Every structure is written in structure tokens, then in C-alpha cells.
Amino acid sequence: MASIQLEHVTKQYPGGVTAVDDFNLSIEDREFIILVGPSGCGKSTVLRMIAGLEEITSGEIFIGDRLVNEVAPKDRDIAMVFQNYALYPHMTVYKNMAFSLKLRKTPKAEIDEKVRAAAKILDIEALLDRKPRALSGGQRQRVALGRAMVRNPSAFLLDEPLSNLDAKLRTSMRAEITKLHQQLGTTFVYVTHDQTEAMTMGDRIAVIKDGVIQQIDTPQNLYDHPANLFVGGFIGSPQMNLIDATVKKVADRFFATFGETDVLIPPQVMGADVAASYEGKSIVIGIRPEFISEGGPHSDCDTTIAGDIDLAESMGAEKFIYFVCEGYPCIAKVPGKSGIQTGDHVSLTIDCSKMHIFDKESGLAISH
């Protein structure tokens, strides 16, 4: 088992393209950490640098207490699981799983014991004599995991391992990988662009944009307390509604104003002193879809808005309402039994106590 430490790691490609910039990340022993971000943000490059498959331009990488900058991939005591499984098509499942141990000249009895133990954990014992072409996508992914497991590595590095699976299988494999981590008690570093995977699997999530970590925290804290506009908009499904507004003061209360709409800024969201410093200035308010409901205000922190419904999308237990408010496209998540239909003009209520406020210029969160 091992911790992983990246200190001021930078990766530049020829031509001056910076894929990863001054990257600092401390991964604890046995932790399951997710690297998430849009395509091209540098997350897979980080994983490949940890694995030794990509040279770093500057900085230091430690696995355990050992500096591994100059250590070959095969000597880093890690195992990598790829998006495309990378199985040998001419070998059986058993031989695929045993291959790395055979290269190490591990005794046959020990190889057999490890392969069969991994196959039992992954429920692929019945597949050991088959070749990859006879397996489903989910079965191939289990074999790829098993091939990594038999090496008993200090850390597993998983690069978008579920992206080639259909939606139903991805859901079940998420649970399988989470359970596997708990069983093995090994460090897992998992790369994905799917924020649903990130939210459901990791102990902590590192949100990455343009090769820079935007925020590292637990899934719930990322959701409840995004550090900036990018994290607020990226984490959550459907995504957070983001609206440009101006702070104004009426009597002793502050409001976020956009168009003809005034949304109350409760003091528990942004204190009076901070709100006063933003009076007359531009901000961005963020409201998650589940905090926009039907009907009138339910408390003093609620504000009513009006909207034209572009689409009412039934999801069974819930319904996604796509509407336009003061020219801004928004989404509300309401109960599936809601009578709202496409084309309706409705009044909806924002729970302002759950609102996020961001500085328009810097993008940083300024609410509590």
C-alpha cells in the first residue's frame, strides 16, 4: 500500500503547450480519489505521469516515500486499468490475468492461486477458459481489473475504465469498483469526465480545468460549497443555473437583480458587510435545479420568479423543467407528478437560502 504525492508537477509539450501546470496533490494510503474534468483538462496526463508513461517537465512524484521521477513504469509497483481494456485477443482470460506474473517468473502454483482468487472476487471464474472476443464489455472490464489485481500493487490507476460501457452497465460497474476498493484496501486513483461517476465513487474529488486543480474535497462538500463558478457549474446533474445579476439594497435588505426580477440575498448566504461591499456591482448567482419549486413562497427566504416552459421532461419519479427567466435559460427539478407541461407560463419559487453567489470578475465564491 502507498500514498502518492505530486509536488509542483508541470507537463509541457513541444510548442509550449502546457497540459498540467504546477500540480500539487497528496493522495493518502488506501484512499479512493477521483480526478475529474472536461476532455483535454490534463487529468489523464496526470495519471500517466504517476504511472511513468509520460515524462514530467518539472516537479517531483513520490509513491510511498520513494521519489519515482526516474523510476521505470514496471518498477513503480502500480497497476493501470485502461479505457480500452488492452487484453491480448489470442490469450484466454486465465492467461491474460497470469501474463504479468509469468513475466516475473512467479511459480506456477502461486500464479494459479492469485488468478483464481481474483476471478472469484470479480465473479469471472466461469470465464477463465474464454478468449476476450467471447466476452461482453462488462466481462472484459472485470478481466482487466483482475489482471491488475493479481500483481497486488501499491496503487491502482484507472483511466476512464467505464466509458465504453452502456449506461446500465456503467451503473453496476461503479458499484463493483467501489466494492473492490473496499475489499482490497488499496490506493485507487480514478480518472473520469463523468461527474456522476465522480460523485458516487470517490472519497475525495479533484476538479481539474486547463491542467490546474480548481478544488479538492469530498463529493458532498464540492456540491454544497463550490469554490468557484467552474466547480459550481461542473458538479451537479442537471447543472447549476447561473445568472448574471447586480447587487442592490432596498431598506435593510440586499437583492440580486436581473431584468425585472429581484432575488433576495439572505444574510446567511452573504453577510451584510460583504453584500454592502458589492452594492451596485456585478455578481453571478447560482441556483441548483432542486431548489426551484412549484407554487408560492414557503418561507421568508423564498422568492417567486416567472418563466415560460420550453420543455417538461418526465423522468418518472421527477420531472426536469426547462424554462426561460428574464432571457436566461434555467432548469428546475420537480416531482414527477407535477402538472407542468411544455408551453406553460408558470410561477416558480427559489429557495434563496440555498443560493450560491460568485464574483463576476474572478469567478470565486463569495457566499458562505
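These figures come from a predicted structure and were not determined experimentally. (Residues numbered from 1 in each chain as written. Predicted model: local features only at pLDDT ≥ 70, side-chain atom pairs only at ≥ 80, totals over all residues. Heavy atoms only, no water.)

(A) Spotlight on the overall build of the protein. Looking only at helices and strands, one finds 9 helices and 20 strands in the protein. Principal axes of the C-alpha set define a box for the protein whose edges measure 80 × 45 × 35 Å. Of all 368 residues assigned to the protein, the portion counted as buried reaches 48%. A separation threshold of at least 6 residues defines the contact pool for the protein, and within that pool the share at least 24 residues apart is 66%. Within the structure as shown, the protein displays about 17,300 Å² of accessible surface, and the carbon and sulfur contribution to it stands at 49%. (Helix = DSSP H or I, 4+ residues; strand = E, 2+ residues; numbered from the N terminus. Buried < 20%, exposed > 50% of the residue type's maximum accessible area, 1.4 Å probe, protein only. Contact = heavy atoms within 4.5 Å. Areas by Shrake-Rupley, 256 points an atom, 1.4 Å probe, with all protein chains shown as cover.)

(B) Representation of the sheet that holds strand β2 (residues 17–27). What the 4 strands build is an open sheet, ordered β2-β1-β4-β5; its pairing is antiparallel. The sheet is open, and its two borders are formed by β2 and β5 (66–67), each paired with just one other strand. Relative to β2, strand β1 (residues 4–13) runs antiparallel, the two being bridged by 7 bridges. Note that in β2 the partner of Q12 across the bridge is T18. With respect to the sheet, helix α1 (residues 43–51) is in contact with β1, β2 and β4 (58–63), its orientation differing from that of β1 by roughly 115°. (Pairing = 2+ DSSP bridges. Axes fitted to C-alpha atoms, helices over the stretch in contact; angles between N-to-C directions.)

(C) Highlighting a positive patch on the surface. Together, K95, K102, K108, K131 and R133 make up a positively charged patch on the protein surface. Mapped onto the secondary structure, K108 falls in helix α3 (residues 108–122). Residue classification places K108 among the exposed positions, given a relative accessible area of 76%. (Patch = residues over 30% accessible without salt bridge, like charges linked within 9 Å, V, L, I, M, F, W, Y side chains within 5 Å. Salt bridge = Lys/Arg side-chain N within 4 Å of Asp/Glu carboxyl O. Lys, Arg positive; Asp, Glu negative; His and termini not counted. Charge placed at Lys NZ, Arg CZ, Asp CG, Glu CD.)

(D) Fine view of the sheet that holds strand β16 (residues 302–314). Across the sheet, which stays open at both edges, the 5 strands sit in the order β15-β19-β16-β17-β18 with antiparallel pairing between neighbours. The open sheet has two edge strands with one neighbour each: β15 (292–294) and β18 (328–335). Neighbour-to-neighbour, the strand axes of this sheet turn through a mean angle of 50°, independent of strand direction. For β16 and strand β19 (residues 345–351), the ladder comprises 7 bridges, and the chain directions are antiparallel. Residue pairing across strands places G307 opposite V346, the latter belonging to β19.

(E) Local environment of the packing of helix α2 (residues 93–103) against α3. In the contact formed by α2 and α3, the axes pass within 10 Å of each other and the chain directions differ by 135°. One finds that α2 runs oblique with respect to α3. For the pair α2 and α3, the crossing hand works out as right-handed. Contact residues: Y94, M97, A98, L101 and K102 in α2; I111, D112, K114, V115, R116, A118 and A119 in α3. Counted by class, the contact of α2 with α3 contains 8 nonpolar, no polar and 4 charged residues. (Parallel < 35°, antiparallel > 145°, perpendicular 65-115°, else oblique. Left-handed = near helix turned anticlockwise from the far one by under 90°. Nonpolar A, V, L, I, M, F, W, Y, C, P; charged D, E, K, R; others polar.)

Read these as spatial facts, not as claims about activity.
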